[in-house]
Amino acid sequence: MTELNCLIVEKRDAVALITLSRPDALNALNSELFRELAITLDQVEADESIGAIVITGSDRAFAAGADIGEMKDMSYSQMLDDAGLTRHSDRVALCKKPVIAAVAGYALGGGCELAMMCDFIIAADNARFGQPEIKLGVVPGIGGTQRLTHLIGKSKAMDLCLTGRMMDVDEAERAGLVARVVPLDEYLDVALQAAAEIAAYSQPVTRNMKYLVNSALETPLEQGLAIERQMFKANFALDDQKEGMAAFVEKRSPEFKNR
Ligand code: CAA
């Protein structure tokens with residue numbers, strides 16, 4: 001693994017645990033962190049022994065947004081060149097392996113956006129979400145107005161983006177942003193357990209599952225259903241389909257081989 005300054009990367013059996021680690025700045029997301037995240041995900045994707053990923057922060061902050069100190073004096077032309085955090089910021093959303101965000105504390109601005117790039121969010125009961133960019137004189141830059149609106153609808157997204165207020169975890173769960181809310185001392189274990197469960201399934205199938213659920217947000221229903229039907233049929237070319245169904249019939253646990 002490359003030497004990392006902003007992340008701690010651990011392998012827990014078939015799960016990669018990536019911890020954002022800029023404790024002095026509440027894990028504010030700078031360009032170095034996003035570059036390290038991109039390099040790490042390249043390595044994790046290439047590692048066949050890893051079937052799922054958890055991204056987490058600290059108990060106090062998942063991430064309190066993009067690093068304001070780094071970007072405050074940047075020029076328009078530097079921003080156009082993607083000289084800052086926008087250069088690698090989409091990498092998590094492009095990851096082919098399932099990614100869970102384990103969120104405690106602040107998930108604001110880029111932190112909320114990073115959590116939304118993951119496949120789903122498991123949140124501690126102290127988590128707080130928001131897009132406070134308006135208070136800084138900017139709009140969100142890495143998905144805040146778009147993914148948030150897809151996930152929680154126009155009215156609440158407008159409320160959050162235009163006022164810059166934070167929402168607590170109960171509101172976030174009601175709104176559909178968060179998949180599960182668990183006590184603070186359990187959220188990471190719950191996320192790792194969910195990731196381990198996913199990692200035990202067939203990787204070609206989890207990859208297709210991600211593709212299908214994501215495409216439901218972007219394709220008309222009829223087209224989405226047609227793609228799903230084709231992928232369902234294509235599953236029957238996999239050894240893992242034969243193994244999964246044989247194991248059910250034989251009343252044993254399946255052993256997927258990822259092919
Ligand atoms: N960038 C850089 N540093 C940050 C930061 C950020 N986004 N958020 C917090 N920090 C730093 C603080 O400057 C502080 O550093 P010092 O101790 O050196 O002063 C340290 O983290 C601790 O923060 P606070 O003292 O402010 O802690 P608090 O508990 O009083 O407040 C907070 C916590 C409410 C999260 C507050 O820190 C805050 O409002 N942070 C900024 C949130 C924000 O505006 N995020 C959006 C950024 S823009 C963006 O993300 C654009 C995009 O879409 C890509």
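As a reminder, the structure under discussion sits directly above these lines.
Cut-offs used in this document
Residues numbered from 1 in each chain as written. Predicted model: local features only at pLDDT ≥ 70, side-chain atom pairs only at ≥ 80, totals over all residues. Heavy atoms only, no water. Salt bridge = Lys/Arg side-chain N within 4 Å of Asp/Glu carboxyl O. Buried < 20%, exposed > 50% of the residue type's maximum accessible area, 1.4 Å probe, protein only. Near = heavy atom within 4 Å. Polar contact = N/O pair within 3.5 Å; in protein donor to acceptor, adjacent residues only side chain to side chain. Helix = DSSP H or I, 4+ residues; strand = E, 2+ residues; numbered from the N terminus. Contact = heavy atoms within 4.5 Å. Pairing = 2+ DSSP bridges. 1 Å grid on protein atoms, 1.4 Å probe; cavity = no way out; pocket = protein on both sides within 12 Å on 5 of 7 lines; lining within 4 Å. Points joined across faces, edges and corners; volume = space filled by probe spheres on them. Nonpolar A, V, L, I, M, F, W, Y, C, P; charged D, E, K, R; others polar. Axes fitted to C-alpha atoms, helices over the stretch in contact; angles between N-to-C directions. Parallel < 35°, antiparallel > 145°, perpendicular 65-115°, else oblique. Core = buried A, V, L, I, M, F, W, Y, C linked by side-chain atoms within 4.5 Å.

K.L.:
Explanation requested: the pattern of salt bridges in the structure shown.
P.N.:
When the charged atoms of two side chains with opposite charge come close together, those side chains can pair. Summed over the entire model, instances satisfying the criterion amount to 12 salt bridges. Where Lys-72 meets Asp-73, a salt bridge forms, and the shortest distance between an N and an O atom there is 2.9 Å. Taking relative accessible area as the criterion, Lys-72 reaches 57% and is therefore assigned exposed. Of the charged contacts, one joins Arg-165 and Asp-159 as a salt bridge, the two residues approaching to 3.0 Å between their closest N and O atoms.

K.L.:
How should I be thinking about the site of the ligand in this particular structure?
P.N.:
Around the ligand, 22 residues are found, and the nearest of them are Arg-60, Ala-66, Gly-110, Glu-113 and Glu-133. The contact in question runs from an oxygen atom of the ligand to an N or O atom on the backbone of Gly-110, over 2.8 Å.

K.L.:
What's the story with the side chain of Glu-171 in this structure? I'm lost.
P.N.:
Inspection of the secondary structure assignment puts Glu-171 in helix H8 (residues 169–175). Within polar-contact distance, the side chain of Glu-171 engages the side chain of Arg-165 at 2.7 Å. Look past the residues within four positions of Glu-171 in its chain and what remains in contact with it is Lys-156 and Arg-165.

K.L.:
Is there a simple way to explain the pairing of strand E2 (residues 15–20) in this structure?
P.N.:
Both faces of the sheet carry side chains from a regular strand, because those side chains alternate between them. Here E2 lies mainly inside the structure; six of its six residues are buried. Side chains Val-15, Leu-17 and Thr-19 of E2 all project onto a buried face; the interleaved residues Ala-16, Ile-18 and Leu-20 project onto the opposite face, where all are buried too. By the bridge criterion, six bridges tie strand E1 (residues 7–12) to E2 in an arrangement that is antiparallel. What sits directly across from Val-9, in E2, is Ile-18. Here E1 hands over to E2 after two residues, with Asp-13 in that stretch at a positive phi of 55°. One ladder, built from five bridges, connects E2 with strand E3 (residues 52–56); its direction is parallel.

K.L.:
I would appreciate a short explanation of the layout of surface pockets in the present structure.
P.N.:
The gaps left among the atoms become clear once a water-sized probe is rolled over them. Taken as a whole, the largest pocket encloses approximately 1100 Å³ of empty space. Within the residue set of the lining of the largest pocket, elements represented by two or more residues are helix H4 (91–94), strand E5 (99–103), helix H5 (110–117), strand E7 (120–124), helix H6 (147–152) and helix H10 (203–216). When residues in the lining of the largest pocket are grouped by element, the largest group, nine residues, is from H10. Among the residues forming the lining of the largest pocket, the class breakdown is 23 nonpolar, six polar and six charged.

K.L.:
Explain the packing of H10 against helix H11 (residues 221–234) here, please?
P.N.:
When two helices pack together, you describe them by how their axes are tilted relative to each other and by the distance separating the axes. One can describe the packing of H10 onto H11 by two numbers: an axis separation of 10 Å at closest approach and a directional angle of 170°. Here H10 lies roughly antiparallel to H11, going by the angle between them. When H10 is examined against H11, the residues Asn-208, Tyr-211 and Leu-212 are found in contact with a partner set consisting of Ile-227, Glu-228 and Met-231. Its residues placed into classes, the contact of H10 with H11 shows four nonpolar, one polar and one charged.

K.L.:
How should unusual backbone geometry be read in this particular structure?
P.N.:
Most peptide bonds are trans, and most residues other than glycine sit at a negative phi. Look at Asp-13: it is not a glycine, yet its phi comes out positive at around 55°. Tracing the chain through its elements places Asp-13 in the loop between E1 and E2. Taking the relative accessible area as the measure of exposure, Asp-13 reaches 71% and is therefore exposed.

K.L.:
Can you walk me through the nonpolar core in this structure?
P.N.:
Soluble globular proteins: nonpolar side chains tend toward being buried together. Among the nonpolar cores identified, the biggest contains 46 residues, and Ile-55, Phe-62, Phe-129 and Leu-177 are the most heavily contacted of them. Of all hydrophobic cores here, the second largest spans 18 residues; its members include Val-54, Ile-100, Leu-192 and Ala-194.

K.L.:
So what exactly am I meant to see when it comes to the environment of Ser-77 here?
P.N.:
Along the chain, Ser-77 falls in helix H3 (residues 76–80). Sequence-wise, Ser-77 and Lys-11 are 66 residues apart; in three dimensions their C-alpha atoms are separated by 39 Å.

Treat this as a map of the structure, not an account of what it does.
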